[in-house]
Amino acid sequence: MPCLPVILYNALNYLGIFASTGDGVPRALIISFGITFYLVFSESIVGCTNCLELNKSYINKTGLDIIPCYVSIVFAVLMSFSIRFLALLVALIFYAEYYTFNLLYAPILALSIIIFGVSIGSMLSIFATFYRDLTNFVQMMAFYLLFASGVFGFIDATTTIGKFVTVLPSYIYVTFSRSVVLGYQEINSSGFIYLVIISFVLFVFAMYLQRNAKSIILNHLK
Amino acid sequence: MIQLILKLREVGKKFTLKNGGSLQPTFLTILKTILGFRVHITKSETDYWALRDINMELIKGESIGIVGLNGAGKSTLLKLLLKRLVADEGTIERHGSIGGLIELGAGFHPEQTGRKNIYVNARLNGATDKEINAKLDSIIKFSELDEFIDMPVKTYSSGMTIRLGFSIAVHFVKDLIVLDEVLAVGDFEFKQKCHRLIHKLKREKSFVLVSHNTRDISLFCDKAIFLHKGRIIKYGDVEEVMKTFSIVRRNDSYEDLISRIEEKREKTPETNVDNQSYDILNNSSFSESEEYRINKFGRIYHNRKIVDNVKVYSSRPLNNGELYLDNTDDLTIKVEFNLKVEVSHVRIGLPFFAENGDMIIGPDSRRFTMSDKNLCKPGAKIIYIKLNECPFNEGRYYVCLAINNDPGFLFREHLVWINIKNTNGSFGKVKTNLNWSYETI
């Protein structure tokens, strides 16, 4: 098990899954920006899935509402993203041609990913109240999804695996955000709006579920 | 101006139980609930109403006590008040800042220091950093944790944790403080300090107090609620509620309780001591098959078919073990029992306790029954105890019976309840014969 991620990465690399890394963009930038956006995605989902379990003492004993727990995850992920993004901006000194105005899209794209991740995570957290192993499962899935999110390069959508992987939300959000920020892809405004709309619709749905679930969550969160 | 703090109307809280007693809902139930569909209980489930038809109101400066046996729904009610549970029916109106201490731990982070936890808890109660800094010293001083405040909370004892939690609650909750049996944990001095503080804050803040100590409720509350099996049995005047609660506390059956509440009791004049009897064993929760139990003095009392036919008689009418007296009345109690085997010695104790369990007097028969050969032989025995003018003032007392032959063989904690009315205006729990005199200089 400890070697599995290394074996998986090398196997996928050997199979040519990560062959394409964009239109001549340095691999270091592809991976760095990919990981930055992917971590926003995974931290939002994992953080929100775990947050009720982690904060149950406050919820049960101080009467802390459930929603602020999710809000705290949003702030925590935004903070982590800001630090990573600032480090990336410094690293771009070696790739000065990538200092473009497109970098300004990054916070908005990250926020859109966070909204999506928090929506999914908050839904999962309801079930995690009853099935505690779900938190471990989500954590594990978030790790292995890294290899199927285009972080290490674009994936050929014509293959059987590619057809499946390229429709995953993590792949769509990560590759789109990275392409926009690094400017090697035309900014597709309709695609961007589409992603933001999906995030918000999902968010509204998640809040509706939360409202209905509050009673059973409080009954069982011990 | 009267300010309403809390108003509950027809409030109910239910839990769905599986036949095995588990609270875990099925996946389908969770899914239906969160999607907003109506959930019908299945054949393998039952709805358990932890609370039903709860109505109460509280205005600012008023305090309410909640009493009830275990499982009555007291903690569930407090959780509803503090939004830690959501009511399944009815409405709860809350006005102003409400907070409290209903569980040990008070929501502290065990790895953080006491000081850090003060900040976190106070912020959760809506306090600003400025307010916290202004009150920090006072909180630490009240909790008596000066030396330990910078240590992680996980190193604190339960008493220290409660002290800190209580201190934060009284400093930052502005309108209504909810306390669930928390004072039972602290030491005597801290309890006294809390009592003084509650007394001082009573005019400016409201309290909801849950305690098994009826004295605490009588001291601090303006009204009380007696909860039983999730329903309000009595609501209103503290003394009335406490009286009902005390009757129930020594009965197992709910039906008994209801009939006793409805019962009208009238005081009648003193009669012959043999007129009224009360069969202890038949009216006791003490089971014949029960081998032994440990009484409040830590001694083992058991019923090994050594004693039977235990009865108590009183010179005043006994109504289901209750006596009603004036504080000037005389009282004779007769205890009859049948000793089935010869024993080494017999000693009978009839200590009198106040309602809160404090022993007021502890007479026993050792001076004339110890090693009395006749008393130790098998056969029916009768013991009399006479109080020449009741030595107690107004209140509710109980007499405890211990027929003892070390290590003992019968114990009955609530032999008779005595309700005493003050008719001569004296004060305190016990009356004494003092000779007063004076001289002028």
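The structure displayed is predicted, hence computed values, not measured ones.

(A) The overall build of chain A, seen in detail. Scanning chain A from N- to C-terminus turns up nine helices and zero strands. Contacts in chain A between residues far apart in sequence, at least 24 positions, make up 79% of those at least 6 positions apart.

(B) The arrangement of the overall build of chain B in detail. Summing up its helical and strand segments, chain B has eleven helices and 21 strands in all. Within chain B, buried positions represent 33% of all 441 residues.

(C) The arrangement of the packing of helix H3 (residues 114-124) of chain B against helix H5 (residues 158-172) of chain B in detail. Residues and elements named next belong to chain B. Put simply, H3 and H5 touch, their axes get as near as 10 Å, and they point 40° apart. When the interaxial angle is binned, H3 and H5 end up oblique. Taken as a pair, H3 and H5 cross one another with a handedness that is right-handed. Each of Gly114, Ile118, Asn121 and Ala122 in H3 lies in contact with H5, whose residues at this interface are Leu164, Ile168 and Phe172. Classifying every residue of the contact of H3 with H5 gives five nonpolar, two polar and no charged.

(D) Fine view of the packing of helix H2 (residues 27-54) of chain A against helix H8 (residues 169-182) of chain A. All names here are of chain A. Where H2 meets H8, the closest approach of the two axes is 9 Å, and the angle between their N-to-C directions is 130°. Accordingly, the angle class assigned to the pair H2 and H8 is oblique. The two elements H2 and H8 meet at a crossing, and its hand is right-handed. Seen from H2, the contacting residues are Leu29, Ile30, Phe33, Gly34, Phe37, Tyr38 and Phe41; seen from H8, they are Ser170, Tyr173, Val174, Ser177, Arg178, Val181 and Leu182.

(E) The arrangement of the interface of chain B and chain A in detail. Counting from both sides, the interface comprises 20 residues of chain B and, opposite them, 19 residues of chain A. Of all elements in the fold, only helix H1 (27-35) and H3 of chain B reach the threshold of two or more residues within the side of chain B that touches chain A. Counting residues per element, the side of chain B that touches chain A draws most heavily on H1(B), which supplies four residues. Across the side of chain B that touches chain A, the residue classes tally to eleven nonpolar, six polar and three charged.

(F) Up close: unusual backbone geometry. Not every positive phi belongs to a glycine, and Glu10(B) is a case in point at roughly 50°. With respect to the helices, strands and loops of the structure, Glu10(B) is situated in strand E1 (residues 4-18).

(G) Main features of the sheet that holds strand E4 (residues 89-94) of chain B. Residues and elements named next belong to chain B. Taking strand neighbours across the sheet as the criterion, the three strands line up as E2-E1-E4 in an open arrangement whose pairing is antiparallel. Two strands bound the open sheet, and with one partner strand each, they are strand E2 (45-59) and E4. Strand-to-strand twist across the sheet, computed as the mean angle between neighbouring axes with direction ignored, equals 25°. Pairing of E1 with E2, which is carried by eleven bridges, proceeds in the antiparallel orientation. Among the inter-strand pairings, lysine 7 is bridged to a residue of E2, identified as glutamate 57.

(H) Geometry of the sheet that holds strand E5 (residues 98-101) of chain B. Residue and element names in this part refer to chain B. Read from one edge to the other, the open sheet built from six strands follows the order E5-E6-E7-E3-E8-E9, with strand pairing classed as mixed. Unpaired on one side and paired on the other, E5 and strand E9 (231-237) mark the two borders of the sheet. The mean angle between the axes of side-by-side strands here comes to 15°, regardless of whether they run parallel or antiparallel. Strand direction decides the pairing type here: strand E3 (residues 64-68) and strand E7 (residues 206-210), joined by three bridges, are parallel.

(I) Just the pairing of strand E6 (residues 176-180) of chain B, in detail. All names here are of chain B. With five of five residues buried, E6 lies mostly within the body of the structure. Residues Leu176, Val178 and Asp180 of E6 are buried on one face, and the alternating residues Ile177 and Leu179, pointing to the opposite face, are buried as well. Looking at chain direction, E5 and E6 are connected through four bridges and run parallel. Paired with leucine 101 across the two strands is leucine 179, which belongs to E6. Of the strand pairs in this sheet, E6 and E7 are connected by five bridges, and their pairing is parallel. Among the inter-strand pairings, leucine 176 is bridged to a residue of E7, identified as serine 206.

What counts, and where the lines are drawn
- Residues numbered from 1 in each chain as written.
- Chains lettered and ligands numbered in written order.
- Predicted model: local features only at pLDDT ≥ 70, side-chain atom pairs only at ≥ 80, totals over all residues.
- Helix = DSSP H or I, 4+ residues; strand = E, 2+ residues; numbered from the N terminus.
- Contact = placed C-beta atoms within 7 Å.
- Buried ≥ 20, exposed ≤ 12 C-beta atoms within 10 Å, placed from the backbone.
- Axes fitted to C-alpha atoms, helices over the stretch in contact; angles between N-to-C directions.
- Parallel < 35°, antiparallel > 145°, perpendicular 65-115°, else oblique.
- Left-handed = near helix turned anticlockwise from the far one by under 90°.
- Nonpolar A, V, L, I, M, F, W, Y, C, P; charged D, E, K, R; others polar.
- Pairing = 2+ DSSP bridges.

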